[in-house]
Amino acid sequence: MNSNTQTHTHLYVNKQMGMVTLLTTSLLLIVALVIALGGYKNTFYEVKRSQNEIASRQAHWAAEGGVECGIAQYMITRTIPASILACDLEANIVPEIIVDSTNSEVVISATVQRREVSRRFTHSFQAFSGAIQSTSDLYIYGSTSIYTPDPGQLSDNGWECIAAKYDGELKVVGSIDNKGLNHGLPPYDGFDNQRKNCATSHMTSDSNSSLKNDFQFENDLKVFESFFNIPIKNHDQVKSSEAFTVLEGIVSGSSMIKAVPNCGKVLTEQLEKGNSKLWVEGSCEIGSTELHALSQASAKTKGILLVVHEGLFSVMGTGSINGVLFHFNQDFSPELAMWEGFEAGVYLHHESNDFELPYRERTSYYQHGSFTVTGGQFFETPDPQVAIFNNSLAFNYNRDVIDHARQGVTSTTWKKGSWRDF
């Protein structure tokens, strides 16, 4: 082989090796480009995902802020405002406040960019039932009529109606007539009895006063805590709330106990000023000459709340109060001599009396005459204080009146699990 042939063969081999190298390099570059493009795609996806998560969390916290703004508006009166204000005009965040009709829980929610946040709390409405609840011993002399009981729960046999709950002695001298749910006013607006009355097991109607399950004994009954949704030791928080007008008694008279003079008249004047939640610190008697005006004043409201704390409490005469009467003693201990100077004292001091002396000596509440309350009567007093009802007693349970009376004065509790408390 001559030299020209060898040179040509060498050049051809070198040329082929260069093409292989170029091709290999191109393939490596293509593979690297594919890998780079794939990595860029994943990176772009992660960046976009992170941006979406940030936007989602921003919307979430904006909605949280809307909920807290709604809470601030609700807590002013603990009622749903007639007009709910926007919390952020630029973002148009307007909270929604509703009451869940199935359990009476308050639901406050806000939505931002389809991100909804809601929280729930309760006033313990469902834990409260009955037109009378009492830790005082109850002594009822005369006829007792339950025109409207608390319907309770519906069973196959009818409504498990509740007339009263008590933790102590219940003595009845006279007849009891639970008129059930087919007559009189409904227990609350929109109530449907579903063509059923109180179950026979929950409907006392016996001239011999043989009580059935509509009168319920409940050991360790906590009337104050159930009503205000706050421990009794924290009662000053209720008293000092903006909703209450506090009337301080003064020490006067032969008994030297603290009382509000002309209490019924003072209460009427407060109602006429628009103060429907009244806290009397000391004793209070609504006299027979004062009851009519007080009845008329309360009828103009949706329901008053009268709390008498640390004293004697009496209601005299014929009339009706639209609202709730709450007698609450802690350290006060009644004595028969303390009733001197009260209209009720004339009846309690008679030697010939329908009520035995051991009961009268322990009486801290006395009611005389044909008198009724359209909401309820509640007693939280230490054992062995007595509430006496003389002549007749009429129960008229109205949940709407009770709920209205409690608005603005009941403590609220978040529903467990609804606000990062697990």
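First things first, this report covers the structure right here in the doc. Note that this is a predicted model, so its numbers are computed, not measured.

**Focus: the sheet that holds strand β18 (residues 304–309)**
Stage number 1. Judged by pairing direction, the sheet is parallel, and its 8 strands sit side by side in the order β12-β8-β4-β23-β21-β18-β16-β13 without closing on themselves. Edge positions in the sheet fall to β12 (215–217) and β13 (245–248), since each of these pairs with one other strand and no more. Taken over all neighbouring pairs, the strand axes of this sheet differ in orientation by 10 degrees on average, direction set aside.
Stage number 2. Relative to strand β23 (residues 376–380), strand β4 (residues 132–134) is paired through 3 bridges, and the arrangement is parallel. Counted as the bridge partner of Q133 is F378 from β23.

**Comments concerning the pairing of β23**
Stage number 1. In terms of residue burial, β23 counts as a mostly covered element, since 5 of its 5 residues are buried.
Stage number 2. Residues G376, F378 and E380 of β23 are buried on one face, and the alternating residues Q377 and F379, pointing to the opposite face, are buried as well.
Stage number 3. Pairing between strand β21 (residues 323–328) and β23: 5 bridges, direction parallel. By the bridge assignment for β23, V324 is matched with G376.

**A few points about the state of the cysteines**
Stage number 1. Under the criterion given, the structure shown has 2 disulfides.
Stage number 2. Covalent S-S linkage joins C161 and C198, the inter-sulfur distance amounting to 2.1 Å. In this structure, the disulfide formed by C161 and C198 twists by about -90 degrees around the S-S bond and is classed as left-handed. With C161 in the loop between β7 (158–159) and β8 (164–166) and C198 in the loop between β10 (176–178) and β11 (205–206), this residue pair connects regions lying 37 residues apart in the sequence. The same class applies to C161 as to C198, namely buried.
Stage number 3. Between C263 and C284 runs a disulfide, and the two sulfur atoms are separated by 2.0 Å. Disulfide C263-C284: the torsion about the S-S bond is -100 degrees, which places it as left-handed. With C263 in helix α4 (residues 263–272) and C284 in strand β17 (residues 284–286), the pair connects residues that are 21 residues apart, well separated along the chain.
Stage number 4. Overall, the relative accessible area of 2% leaves C263 in the buried class.
Stage number 5. Assessed through its relative accessible area of 0%, C284 is described here as buried.

**What to know about the nonpolar core**
Stage number 1. By size, the foremost hydrophobic cluster in this structure holds 59 residues, and its most contacted members are F228 and L267.
Stage number 2. If you tally residues by element for this core, the top one is β18, at 5 residues.
Stage number 3. Judged by nonpolar contacts, the second largest core, of 17 residues, contains Y139, A259, F332 and F355.

**Here we look at the pattern of salt bridges**
Note that side chains of opposite charge can pair when their charged atoms are close.
Stage number 1. Overall, the coordinates contain 9 salt bridges when judged by the stated rule.
Stage number 2. Here R362 makes a salt bridge to D137, at a shortest N to O gap of 3.2 Å. Here the residue R362 occupies a position in the loop between α7 (357–360) and β22 (363–373), and D137 occupies one in strand β5 (residues 137–148), the gap between them amounting to 225 residues.
Stage number 3. You can call R362 partly exposed: its relative accessible area is 22%.
Stage number 4. D137 gets classed as buried once you look at its relative accessible area, which sits at 7%.
Stage number 5. Here K179 ties to D177 by a salt bridge, and the two come within 2.8 Å at their closest N and O atoms.
Stage number 6. Overall, the relative accessible area of 28% leaves K179 in the partly exposed class.
Stage number 7. One continuous salt-bridge network, built from bridges that share partners, spans K239, E248, K258 and E281.

Conventions used here
Residues numbered from 1 in each chain as written. Predicted model: local features only at pLDDT ≥ 70, side-chain atom pairs only at ≥ 80, totals over all residues. Heavy atoms only, no water. Pairing = 2+ DSSP bridges. Helix = DSSP H or I, 4+ residues; strand = E, 2+ residues; numbered from the N terminus. Axes fitted to C-alpha atoms, helices over the stretch in contact; angles between N-to-C directions. Buried < 20%, exposed > 50% of the residue type's maximum accessible area, 1.4 Å probe, protein only. Disulfide = S-S within 2.5 Å. Core = buried A, V, L, I, M, F, W, Y, C linked by side-chain atoms within 4.5 Å. Salt bridge = Lys/Arg side-chain N within 4 Å of Asp/Glu carboxyl O.

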